[in-house]
Amino acid sequence: SNWDTLLKDPGIDAIYVASPNDLHFEQSVAILRAGKHAITEKPFVSNMHEFEALMTVVKETGKFCFDAILPLHHPNLKVIKEALPSIGRMKMMMSNMVQYSSRYKMVLNGQIPNIFSPEHSGGALMDLGVYSTSISVALFGKPESLTYACNKLDNGIDTSGTMVLKYPGFIVSNTFGKDSFGINNMTFCGEEASLQIPLQPSRLLSVERVTMQEREELGVKDLRDGMVYELLDFASIINENDWNTYQSFMNITKDVIACLDEARRQNGIVFRTDR
């Protein structure tokens, strides 16, 4: 219950940062400087400036700071990557995460909870859009270009929107929202078949290959909490001091943050941390 006591406790090896988004950077830095590893909730940080500063502290301290983004560690992401050639030439990837926020009623009543506050780096992009963007970048790399159109509150924070990423030969459409009721799914559309994730893209619980003739389950069906996979990866990196694997994950995170920064720039979404 005390921050300083937590940082000084010699029995603690790593600390999970699940505070409001704007605090992720400064708290992660404090954890690293205290000689511990940090596991930082999505969004990893608020902007590219914070990312670069945090990576400098990682190098200085020799401690890892992990981006806790579940789908990048789920075995079904590998299943998707290996199955993509089987759908023929891909034309589109479509992702939907539209989940009415339990805190949106507070907004309608004139209150501004952290998740809808520019002071706390809130909004639908940072809370939900980060998932689909991370999956896109992990599979296909940094896009050639992107556009983001969104609904915003009077305080400038986005409550829902669609990001379109342009890649050579195909496009990725990521729709996400916290202000309405909708669907959760992801589809990779090819000329010969599709890969379908019928539930939340953030969890990748199921993967199916679908044609006009058949539907085949490809994914790993595992009812364990998705955090198991990321924690296994983090523990392996720590125990083996595996900086190469760590850097491969950080390269994805860096490109994702660049996408989020550009999407916010296009829509004038400014956080306290930007200033």
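Look above for the structure.
How each quantity is defined
Residues numbered from 1 in each chain as written. Predicted model: local features only at pLDDT ≥ 70, side-chain atom pairs only at ≥ 80, totals over all residues. Heavy atoms only, no water. Helix = DSSP H or I, 4+ residues; strand = E, 2+ residues; numbered from the N terminus. Contact = heavy atoms within 4.5 Å. Expected span 1.5 Å × (residues − 1). Buried < 20%, exposed > 50% of the residue type's maximum accessible area, 1.4 Å probe, protein only. Polar contact = N/O pair within 3.5 Å; in protein donor to acceptor, adjacent residues only side chain to side chain. Pairing = 2+ DSSP bridges. Right-handed = clockwise from strand over helix to strand, strands pointing away. Salt bridge = Lys/Arg side-chain N within 4 Å of Asp/Glu carboxyl O. Axes fitted to C-alpha atoms, helices over the stretch in contact; angles between N-to-C directions. Parallel < 35°, antiparallel > 145°, perpendicular 65-115°, else oblique. Nonpolar A, V, L, I, M, F, W, Y, C, P; charged D, E, K, R; others polar. Lys, Arg positive; Asp, Glu negative; His and termini not counted. Left-handed = near helix turned anticlockwise from the far one by under 90°.

On to the side chain of threonine 253, then. As for its placement among the helices and strands, threonine 253 is situated in helix α8 (residues 243-267). Residues contacting threonine 253, with those up to four places away along its chain left out, are Phe44, Phe51 and Asp67.

Right, let's talk about helix α3 (residues 48-61) for a bit. Along its 14 residues, α3 runs 20 Å from first to last C-alpha, staying within 8% of the 20 Å computed at 1.5 Å per residue. Among the residues making up α3, those that are buried are Met48, Glu50, Phe51, Leu54, Met55, Val57 and Val58. In the core, the buried residues of α3 are packed alongside α2 (24-33), β3 (65-68) and α8. If you check the start of α3, you find a side-chain oxygen 3.3 Å away from the backbone N of histidine 49, and it comes from asparagine 47. Backbone geometry just after α3 places glycine 62 at a positive phi near 70 degrees.

A separate point is the pairing of β3. Residues Cys65 and Asp67 point to one face of β3 and Phe66 and Ala68 to the other, with burial holding for every one of them. Pairing analysis gives 4 bridges linking strand β2 (residues 37-41) to β3, with the strands arranged parallel. Across the sheet, the residue bridging to threonine 40 is aspartate 67, located in β3. Taking the sense of rotation as the criterion, the β-α-β connection linking β2, α3 and β3 turns out right-handed.

Enumeration according to the criterion identifies 10 salt bridges in this entry. For glutamate 60, the salt bridge goes to arginine 33, with nearest N and O atoms at 3.2 Å. Residue glutamate 60 is found in helix α3, and its partner arginine 33 is found in helix α2; the two are separated by 27 residues along the sequence. Here glutamate 60 matches arginine 33 in class, with each residue exposed. Aspartate 127 is paired through a salt bridge with lysine 42; the nearest N and O atoms lie 2.7 Å apart. Remark: lysine 42 occurs in the loop between β2 and α3 and aspartate 127 occurs in helix α6 (residues 124-140); sequence separation between them is 85 residues. In this pair, the class of aspartate 127 matches that of lysine 42, namely buried.

Next up on the list: the packing of α2 against α3. The geometry of α2 relative to α3 is characterised by a closest axis approach of 10 Å and an angle of 5 degrees between their N-to-C directions. Taken together, the axes of α2 and α3 lie roughly parallel to each other. The segment α2 lies against α3, with Phe25, Ser28, Val29, Leu32 and Arg33 engaging Glu50, Ala53, Leu54, Val57, Val58, Glu60 and Thr61. The class makeup of the residues in the contact of α2 with α3 is 7 nonpolar, 2 polar and 3 charged.

This next bit is on the side chain of aspartate 158. Structurally, aspartate 158 is set in strand β6 (residues 158-167). For aspartate 158, which is buried and forms no salt bridge, the nearest opposite charge comes from arginine 264, at a distance of 7.7 Å. Polar contacts involving the side chain of aspartate 158 include one to the side chain of tyrosine 148, which spans 2.7 Å. Apart from residues no more than four positions distant in its own chain, aspartate 158 is found in contact with Gly122, Gly123, Ala124, Leu125, Tyr148, Cys150, Asn151, Lys152 and Ile269.

Moving on to the sheet that holds strand β5 (residues 145-152). Strands sit in the order β5-β6-β7-β4-β8-β9-β10-β11 across an open sheet of 8 strands; the sheet is mixed. The open sheet terminates on both sides in strands that have one partner only, identified here as β5 and β11 (215-217). Neighbour to neighbour, the strand axes of the sheet diverge by 15 degrees on average, direction disregarded. Both strand β10 (residues 208-210) and β11 contribute to a ladder of 3 bridges, which runs antiparallel. Among the inter-strand pairings, valine 210 is bridged to a residue of β11, identified as arginine 215. The sheet strands contacting α6 are β4 (90-98), β5, β6, β7 (170-177) and β8 (184-190), and the helix crosses β7 at an angle near 155 degrees. In the packing of α8 onto the sheet, contacts are made with β5 and β6, and the angle to β5 comes to roughly 55 degrees.

On to the sheet that holds β3, then. Taken in spatial order, the 3 strands make up an open sheet running β1-β2-β3, and their pairing is parallel. Each edge of the open sheet is held by one strand with a lone partner, namely β1 (14-17) and β3. Neighbour to neighbour, the strand axes of the sheet diverge by 20 degrees on average, direction disregarded.

Running from N to C, α6 and α8 point in directions that differ by 130 degrees, and their axes come no closer than 9 Å. The orientation of α6 with respect to α8, classified from their angle, is oblique. Relative to α8, the crossing made by α6 is right-handed. Every residue of α8 that contacts α6 at Leu125, Met126, Val130, Thr133, Ser134, Val137 and Ala138 is listed here: Ile252, Asp255, Val256, Cys259, Leu260, Ala263 and Arg264. Residue composition of the contact of α6 with α8, grouped by class: 10 nonpolar, 2 polar and 2 charged.

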